[in-house]
Amino acid sequence: MLLDIDPSSILVRYNVKRESELSPDDVAREYFPEDELIRNIVEAVFEGDEDEVLVALQEAVDHGKDPIGLIDDALIAGMNIVSQLYDDGLLFLPDVIISSQAMTDGIEYCKKISDGSHEYKGKVVSFVVEGDVHDIGKKILTVFLRSSGYEVIDLGSDVPIDEVVSAVIDNNPIMFTGTALMTTTMYSFKEVKERLLDNGVEIPFICGGGAVTQDFVERYDLGVYCDDAAVVPKIADEVLKNATIEELREKFHRN
Ligand code: B12
């Protein structure tokens, strides 16, 4: 009875045959955007081609695209495709590192060519939690804040709790931001918050990054959650208008 079964039809039925024929490039192409100027940047990030990223960015800017807008629309879009394919097991860590470097170079370039002649509206401290090196999201939010006229004291990644607490106390910012990409590291947020409250600091603590959820952040005082770095300047604008932490949660948290 078993001998009557054609194995190749089983592979087709369960899509194994087709999937194994698709290369990462084939899969990525399905995610590339239609706008050619944006697509060239996305593709260059995907390929991890630092030189081509800069060439494609300049071309897009020459055609009227806003350099800061390109961070979200093209550079992050390219990195998101890489992250997706990594999660799906189609790319490996070296691919991710090469693409993230190309994206970071692109962000620096956008920062350089955009008009940075703002007056500071206020000061913000940013950091990635202790034990966590994932700093791409933090770099992005720093660029957005700076390009919106905020002075950012960027403490970097894998920042010890003591250092965060001292920096917030010493710099007296309007708010501070924390990034965590790992479920094991995000608990540092709570300790940072407790140490600051012990020191009488009660400013908004904006938290985000892959592992962090709104549910987690809502459970501690000062915490305001957001999943999009581009929204952080809008939160800062509200803080300048004296919005309370409850009002920030109401405005920026999802129902
Ligand atoms: C790139 C990457 C790396 C790079 C990091 C390079 C760098 N300089 O950042 C390298 C290769 C070094 C790395 C190392 C490791 N990684 Co890694 N990595 C990733 C990967 C593929 C992409 C992360 C990323 O940069 N995404 C793009 C950015 C733009 O997204 P983002 O940071 O989340 O930011 C967005 C939002 O969250 C938000 N945001 C970010 N910060 C903030 C802050 C505020 C205030 C706000 C409002 C918003 C906000 O804004 C951004 C969008 O606008 C993820 C998988 C994934 N799909 O996420 C794994 C991932 C995060 N890594 C993981 C792990 C486990 C590791 C390693 C332990 C090694 C390993 N076995 O893979 C080490 C950790 C070393 C350490 N101690 O930190 C796990 C974490 C699992 C978990 N939930 O705990 C993930 C999820 C992979 C996985 N599926 O297992 N990694």
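Higher on the page you've got the structure.
A brief structural summary. (Residues numbered from 1 in each chain as written. Predicted model: local features only at pLDDT ≥ 70, side-chain atom pairs only at ≥ 80, totals over all residues. Heavy atoms only, no water.)

The subject of this paragraph is the coordination of the cobalt atom of the ligand. Only one protein atom coordinates the cobalt atom of the ligand: His134 (NE2), located 2.3 Å from the metal. Tracing the backbone shows His134 in the loop between β1 (122-128) and α8 (136-147). (Donors = N, O, S within 2.8 Å, 3.2 Å for Na, K, Ca; no water. Helix = DSSP H or I, 4+ residues; strand = E, 2+ residues; numbered from the N terminus.)

A few words on the side chain of Thr142. With respect to the secondary-structure elements, Thr142 resides in helix α8. The exposure class of Thr142 is buried, given its relative accessible area of 3%. When sequence neighbours within four positions are dropped, the list of residues in contact with Thr142 reads Ser126, Val152 and Asp154. (Buried < 20%, exposed > 50% of the residue type's maximum accessible area, 1.4 Å probe, protein only. Contact = heavy atoms within 4.5 Å.)

Moving on, we get to the pairing of strand β4 (residues 205-208). On β4, burial covers both faces: Phe205 and Cys207 on one face and Ile206 and Gly208 on the other are all buried. Relative to β4, strand β3 (residues 175-179) runs parallel, the two being bridged by four bridges. In the strand pairing of β4, Phe176 is matched with Phe205. Between the parallel pair β3 and β4, the chain is carried across by helix α10 (residues 188-198), and the sense of this crossover is right-handed. (Pairing = 2+ DSSP bridges. Right-handed = clockwise from strand over helix to strand, strands pointing away.)

Turning our eyes to something else, we now look at the layout of surface pockets. Estimates place the volume of the largest pocket at around 1200 Å³. Together, 41 residues line the largest pocket, and Ser83, Ile136, Gly137, Leu181 and Gly210 are the ones closest to its centre. Taken together, the elements giving at least two residues each to the lining of the largest pocket come down to α6 (67-87), α7 (93-113), α8, β3 and β4. In terms of residue count, α6 provides more of the lining of the largest pocket than any other element does, eight residues in total. The class makeup of the residues in the lining of the largest pocket is 21 nonpolar, 14 polar and six charged. Each of domain 1 (19-113) and domain 2 (122-252) accounts for three or more of the residues forming the lining of the largest pocket. (1 Å grid on protein atoms, 1.4 Å probe; cavity = no way out; pocket = protein on both sides within 12 Å on 5 of 7 lines; lining within 4 Å. Points joined across faces, edges and corners; volume = space filled by probe spheres on them. Nonpolar A, V, L, I, M, F, W, Y, C, P; charged D, E, K, R; others polar. Domains from an automatic or database assignment.)

On to the nonpolar core. The tendency in soluble globular proteins is for nonpolar side chains to be buried side by side. Counting 78 residues, the largest nonpolar core has Ile71, Leu75 and Phe189 as the members making the most contacts within it. With 10 residues, the top contributor of residues to this core is α6. Shared between two domains, this core holds at least three residues of each, these being domain 1 (19-113) and domain 2 (122-252). Apart from the residues within four sequence positions on either side, Leu75 is in contact with Ile41, Val45, Val53, Leu57, Leu70, Met103, Gly106, Ile107 and Cys110. (Core = buried A, V, L, I, M, F, W, Y, C linked by side-chain atoms within 4.5 Å.)

Of note in the backbone geometry, Asp158 takes a positive phi value of approximately 50 degrees without being a glycine. Structurally, the position occupied by Asp158 is in the loop between β2 (150-154) and α9 (161-171). Here Asp158 falls in the partly exposed class, since its relative accessible area comes to 38%.

Let us look at the site of the ligand. By nearness alone, 31 residues border the ligand, and Gly131, Val133, His134, Asp135 and Thr183 come closest of all. Thr179 has a polar side-chain atom sitting 3.0 Å from a nitrogen atom of the ligand. Here an oxygen atom of the ligand and a backbone polar atom of Thr183 are 2.9 Å apart. The site holding the ligand turns out to be the largest pocket. For the shell around the ligand, the secondary structure elements donating two or more residues are α6, α7, α8, β3 and β4. Top element by residues in the shell around the ligand is α8. It accounts for four residues. Its residues assigned to classes, the shell around the ligand comprises 15 nonpolar, 11 polar and five charged. (Near = heavy atom within 4 Å. Polar contact = N/O pair within 3.5 Å; in protein donor to acceptor, adjacent residues only side chain to side chain. Sits in = over half its atoms within 2 Å of the grid points.)

Right, let's get into the packing of helix α4 (residues 36-47) against helix α5 (residues 50-62). Their axes nearest at 8 Å, the elements α4 and α5 cross at an angle of 165 degrees. On the basis of the axis angle, α4 is roughly antiparallel to α5. You can see that α4 and α5 cross each other, and the crossing is left-handed. Across the interface between the two elements, Leu37, Asn40, Ile41, Ala44 and Val45 from α4 touch Glu52, Val53, Ala56, Leu57, Glu59 and Ala60 from α5. Residue composition of the contact of α4 with α5, by class: eight nonpolar, one polar and two charged. (Axes fitted to C-alpha atoms, helices over the stretch in contact; angles between N-to-C directions. Parallel < 35°, antiparallel > 145°, perpendicular 65-115°, else oblique. Left-handed = near helix turned anticlockwise from the far one by under 90°.)

In this section: the pattern of salt bridges. A side chain with one charge may pair with a side chain of the opposite charge, provided their charged atoms come close. Enumeration over the complete set of coordinates arrives at 11 salt bridges. A salt bridge links Asp135 to Lys139; the shortest N-O distance between them is 3.5 Å. The exposure class of Asp135 is buried, given its relative accessible area of 18%. Of the residues examined, Lys139 reaches a relative accessible area of 27% and is grouped as partly exposed. As a salt-bridge pair, Glu238 and Lys241 come within 3.2 Å of each other at their nearest N and O atoms. Relative accessible area serves as the criterion here: at 17%, Glu238 is assigned to the buried category. Residue class for Lys241 comes out exposed when judged on its relative accessible area of 59%. (Salt bridge = Lys/Arg side-chain N within 4 Å of Asp/Glu carboxyl O.)

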